[in-house]
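# Close look at the chain arrangement
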Amino acid sequence: MAIATYINPDTLHSNPAFSQVVRVPAGADLIYIGGQNGVDATGRVVGPDLASQVRQTLVNLRACLAAAGAEPADVVKWNLLIKEGESLQDGFAAFGAAWDRTPHPPAITFAFVSGLAVEGALIEIEAVAAVTG
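Notes on the structure in this doc start here. Every chain's residues receive numbers from 1 upward, in the order its sequence appears when written. For a predicted model such as this one, the threshold for reporting local features is a pLDDT of at least 70, and the threshold for listing and counting side-chain atom pairs is 80 or more; totals across whole chains, interfaces and linings nevertheless cover every residue. To obtain the side-chain values, all non-hydrogen atoms of the structure were used and water was disregarded.

## Focus on the side chain of serine 19
Inspection of the secondary structure assignment puts serine 19 in the loop between strand E1 (5-7) and strand E2 (21-23). Here a polar contact means two N or O atoms within 3.5 Å. Within protein one must be a hydrogen donor candidate and the other an acceptor candidate, and residues neighboring in sequence count only if both atoms are side-chain atoms. From its side chain, serine 19 meets the backbone oxygen of proline 105 in a polar contact 2.5 Å long. Any two residues whose heavy atoms approach within 4.5 Å are treated as being in contact. Not counting residues up to four positions away in its chain, the partners in contact with serine 19 are Tyr6, Ile7, Asn8, Pro105, Pro106, Ala107 and Ile108. What counts as a helix is a DSSP run of H or I of at least four residues, what counts as a strand is a run of E of at least two, and both are numbered from the N terminus.

Laid out in structure tokens, this is it:
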């Protein structure tokens, strides 16, 4: 059961992949997950292409959520940083294929960046989750 309220104002574009607004009530525990890249347990980038890195990044995010006592459906906000020159559409397609859609999708921000801290990384994803306090 969603703890948050998901809002899509009638005056804004509606998209099944994201919500325009997510309201989290007082008393909820917020979990902030720092930027995750497509790296394995040794810290090595898993592949040279965006799709393989997105898949691994989401594996890493699932591990972070589980460690904090949260589930994928608890995510209320995504921030995705994609290296300039990569296809936003390809990245979003890989994200959609590797992450289950929920009836109440999180708010989301995409941005292109000139580079990421991990050499060879093409994607970095942060997340905020809300769980019952």
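There is more to say after this.
## Let's talk about the pairing of strand E6 (residues 123-131)
Think of it in three bands: with a 1.4 Å probe and only protein chains considered, a residue is buried below 20% of the maximum accessible area for its type, exposed above 50%, and partly exposed in between. Counted residue by residue, E6 has eight buried out of nine residues, so it is predominantly covered. Pairing between two strands is assigned when DSSP locates at least 2 bridges connecting them. Where strand E3 (residues 29-36) lies against E6, six bridges are found, and the strand directions are antiparallel. Paired with glutamine 36 across the two strands is isoleucine 125, which belongs to E6. For strand E4 (residues 75-83) and E6, the ladder comprises seven bridges, and the chain directions are antiparallel. Along E6, the bridge assignment pairs tryptophan 78 with alanine 127.

## Considerations on the nonpolar core
Counting residues in each nonpolar core, the largest one holds 25 residues, and the members touching the most others are Leu58, Trp78, Phe95 and Ile125. Broken down by secondary-structure element, the contributors of at least two residues to this core are E3, helix H1 (50-67), E4, helix H2 (88-98) and E6. Those residues in contact with leucine 58 that sit more than four places away from it in its chain are Phe95, Ala98, Trp99 and Ile125. Core analysis: the second largest hydrophobic core is formed by seven residues, Val22, Val76, Ala107 and Val128 among them. Residues belong to one nonpolar core when they are buried, are Ala, Val, Leu, Ile, Met, Phe, Trp, Tyr or Cys, and are joined through side-chain atoms within 4.5 Å.

## Some words on the sheet that holds E3
Strands sit in the order E3-E6-E4-E5 across an open sheet of four strands; the sheet is mixed. This sheet does not close on itself; its edge strands, each paired only once, are E3 and strand E5 (107-113). With strand direction ignored, the average angle separating the axes of adjacent strands in the sheet is 10°. Every axis corresponds to a line fitted to the C-alpha atoms, with the helix fit spanning only the stretch in contact, and the corresponding angles, defined between N-to-C directions, vary from 0 to 180 degrees. Packing against the sheet, H2 makes contact with E4, E5 and E6, and its axis sits at approximately 140° to E5.

## Structural notes on the packing of aromatic side chains
Any two of the Phe, Tyr and Trp rings considered here, Trp counted by its six-membered ring, make a pair once their centres fall within 6.5 Å; the pair's planes then place it as stacked at under 30 degrees, edge-to-face at over 60, or tilted in between. For the coordinates displayed, the defined rule picks out five aromatic pairs. The interplanar angle of 90° and the centroid separation of 5.2 Å between the aromatic rings of tryptophan 78 and phenylalanine 95 together place this pair among those described as edge-to-face. Remark: phenylalanine 95 occurs in helix H2 and tryptophan 78 occurs in strand E4; sequence separation between them is 17 residues. Exposure remark for phenylalanine 95: the relative accessible area of 7% places this residue in the buried category. An aromatic cluster is built from Trp78, Phe92, Phe95, Trp99 and Phe110, whose rings are joined through pairwise contacts.

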